[in-house]
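Given next are the chains, with one letter for each unit.
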Amino acid sequence: MQHSNTISLRVWGRFALFSDPITRVGGEKFSYPVPTYQALKGILESVYWKPTFLWVPEAVRVMNPIETQSKAVRPIRYNNGTNDLSIYTYLVDVSYQVRAHFEWNLHRPDLAPDRDENKHYFIAKRMLERGGRRDIFLGTRECQGYVEPCTFGEGSGAYDNSPPMPLGLMMHGITYADEDGSGQMSQRLWRPVMRNGVITFVRPEECPVIRPICKRKPRSFVLGQNLQPCDDLYQEVAADGLD
């Protein structure tokens, strides 16, 4: 289904790190072979975002061969401020075509007067032509990315004639309290399959595995209202047994 506010963009960069959460236990990071739904949503929000709407990535096309490179890094230990030695495995020379659209965040009725589709659509297109409103990161801060408009499906890709490629259980994304009205933050998992170089995303509510993380209050964008101190947040997380 083609939406009237659909945009297509090319995303590329020298390195990318769409880290698998499992590999973070030991302080080392290993990238998924392809970007996650949440990573692409973050890139779209860096191009243009307002709390009035939610970006919905529909599909991603992998243009370059999937290659990795490992690097020795010295991240900071958060408990004492000293350095540690870790191995991070990055994707190298990445390029993707992304198709996405935006939908109104119906759980933010206070922003209903701002629901002007043409306004947001044309602002998003202008920001995309300028490379985005904010810096583009491919999964992590040290992986600088770039964006530009494109036609989804145009040009040749590295996996155009490849057989279906199951990618196993992967992180789909995170659902925040002000996105579904549940009052809690949840993690979503799914099993994507790349067909002819294209991964078609399921919608967040269609993910087969949805795991609650902690209770949260919807964010307020009105100064002085519904602000949640960090101490209160820590108490909520501890009460949920996630400390």
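Residues numbered from 1 in each chain as written. Predicted model: local features only at pLDDT ≥ 70, side-chain atom pairs only at ≥ 80, totals over all residues. Heavy atoms only, no water.

Caption draft 1: Seen up close, the overall build of the protein chain. Helices and strands together make up the secondary structure of the protein chain, namely four helices and 13 strands. The 243 residues of the protein chain split such that 42% are buried. Contacts in the protein chain between residues far apart in sequence, at least 24 positions, make up 67% of those at least 6 positions apart. As presented, the protein chain carries roughly 13500 Å² of accessible surface, and 52% of it is formed by carbon and sulfur atoms. (Helix = DSSP H or I, 4+ residues; strand = E, 2+ residues; numbered from the N terminus. Buried < 20%, exposed > 50% of the residue type's maximum accessible area, 1.4 Å probe, protein only. Contact = heavy atoms within 4.5 Å. Areas by Shrake-Rupley, 256 points an atom, 1.4 Å probe, with all protein chains shown as cover.)

Caption draft 2: Geometry of the pattern of salt bridges. Scanning all chains against the criterion turns up nine salt bridges. The salt bridge partner of Arg61 is Asp160, with a shortest N-O separation of 3.0 Å. Remark: Asp160 occurs in the loop between β7 (144-149) and β8 (165-166) and Arg61 occurs in strand β3 (residues 53-62); sequence separation between them is 99 residues. Classification of Arg61 as buried rests on a relative accessible area of 5%. Taking the relative accessible area as the measure of exposure, Asp160 reaches 22% and is therefore partly exposed. Within this structure, Lys50, Asp114 and Lys119 form a network of salt bridges that share partners. (Salt bridge = Lys/Arg side-chain N within 4 Å of Asp/Glu carboxyl O.)

Caption draft 3: Focus on the sheet that holds strand β9 (residues 170-175). Strand order in the open sheet formed by three strands is β9-β10-β13, and the pairing between neighbours is antiparallel. The sheet is open, and its two edges are formed by β9 and β13 (209-215), each paired on a single side. When the angles between neighbouring strand axes are averaged without regard to direction, this sheet yields 20 degrees. Looking at chain direction, strand β10 (residues 184-190) and β13 are connected through six bridges and run antiparallel. (Pairing = 2+ DSSP bridges. Axes fitted to C-alpha atoms, helices over the stretch in contact; angles between N-to-C directions.)

Caption draft 4: Seen up close, the environment of Ile174. By the element assignment, Ile174 lies in strand β9. The spatial distance from the C-alpha of Ile174 to the C-alpha of Arg211 is 9.5 Å, given a sequence separation of 37 residues.

Caption draft 5: Quick look at the confidence of the model for the protein chain. Taken over all residues, the pLDDT of the protein chain has a mean of 87, while the share at 70 or more is 88%. Low confidence marks residues 223-243, where pLDDT is under 50. Its contacts with residues over four positions away, or in another chain, come to 20 contacts. (pLDDT = per-residue confidence, 0-100.)

Caption draft 6: Quick look at the side chain of Thr6. Mapped onto the elements, Thr6 comes out in the segment before β1 (7-16). Within the structure, the side chain of Thr6 is placed 3.0 Å from the backbone oxygen of His3, a separation counted as a polar contact. Filtering out sequence-adjacent residues up to four positions away, Thr6 remains in contact with Glu58, Arg99, Ala100, His101 and Tyr121. (Polar contact = N/O pair within 3.5 Å; in protein donor to acceptor, adjacent residues only side chain to side chain.)

Caption draft 7: How the structure looks around the packing of aromatic side chains. Summed over all chains, the structure comprises 12 aromatic pairs. Ring centres of Tyr48 and Phe53 lie 5.7 Å apart, and the angle between their planes is 35 degrees; on these two criteria the pair is classed as tilted. By the burial criterion, Tyr48 is buried, and Phe53 matches it. Considering the side-chain rings of Phe53 and Trp55, the 5.7 Å spacing of their centres and the 90 degrees angle between planes classify their relative orientation as edge-to-face. The pair Phe53 / Trp55 is uniform in exposure class, with both members buried. By the ring-pair criterion, three or more aromatic residues cluster together here, those being Tyr48, Phe53, Trp55, Phe102 and Trp104. Cation over ring: Arg10 sits above Trp12, and NZ or CZ is 4.1 Å from the ring centre. The side chain of Lys71 reaches across the aromatic face of Tyr90, ending 5.4 Å from its centre. (Phe/Tyr/Trp six-rings, centres within 6.5 Å; stacked < 30°, edge-to-face > 60°. Lys NZ or Arg CZ within 6 Å of the ring centre and 35° of its normal.)

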